[in-house]
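Below are the chains, spelled out letter by letter.
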Amino acid sequence: QVQLVESGGGLVQSGGSLRLSCAASGSIFSINDMGWYRQAPGKQRELVATITRGGSINYVDSVKGRFTISRDNAKNTVYLQMNSLKPEDTAVYYCNARITILTMDSRDYWGQGTQVTVSS
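Residues numbered from 1 in each chain as written. Predicted model: local features only at pLDDT ≥ 70, side-chain atom pairs only at ≥ 80, totals over all residues. Heavy atoms only, no water.

## Focus on the state of the cysteines
Then comes step 1: Summed over all chains, the structure comprises 1 disulfide.
Then comes step 2: Linked covalently through their sulfurs, Cys 22 and Cys 95 form a disulfide whose S-S length is 2.1 Å. The sign of the -80 degrees torsion about the S-S bond sets the Cys 22-Cys 95 disulfide as left-handed. Residue Cys 22 is located in strand β3 (residues 18-26), and its partner Cys 95 is located in strand β9 (residues 91-101); the two are separated by 73 residues in the primary sequence. The same class applies to Cys 22 and to Cys 95, which are both buried. (Disulfide = S-S within 2.5 Å. Helix = DSSP H or I, 4+ residues; strand = E, 2+ residues; numbered from the N terminus. Buried < 20%, exposed > 50% of the residue type's maximum accessible area, 1.4 Å probe, protein only.)

See below:
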């Protein structure tokens, strides 16, 4: 079994910062792409940022210049540093990872979600 455990969400004022972490554990052979998605009330889940195992990064336009995604392959962990937060960043943030387990099966796994609330 594989688990993704997120941490770091919370309540912050507009302009503030938060850092999210997501650690993968279990019967992992390798982890390919990792990323963060978010879902605001009444809206569809959207991609925020992704990072490949080799470090190639992609951001949604609305967070470029404010958010930074990174990963530590040795720790099977992905991070999202969020600066200059805006009320419209308020959402539940989900970690995602494409993981190959020891049986060589590969699929996407999701974390449980962590709430980020930005007050104006």
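## Looking at the sheet that holds strand β8 (residues 77-82)
Then comes step 1: In space, the 4 strands of this open sheet follow the order β1-β3-β8-β7, with antiparallel pairing throughout. The open sheet has two edge strands with one neighbour each: β1 (2-7) and β7 (67-72). Across the sheet, the axes of successive neighbouring strands diverge by a mean angle of 15 degrees, strand direction being ignored.
Then comes step 2: As paired elements, β7 and β8 share 6 bridges and run antiparallel to each other. Among the inter-strand pairings, Asp 72 is bridged to a residue of β8, identified as Thr 77. (Pairing = 2+ DSSP bridges. Axes fitted to C-alpha atoms, helices over the stretch in contact; angles between N-to-C directions.)

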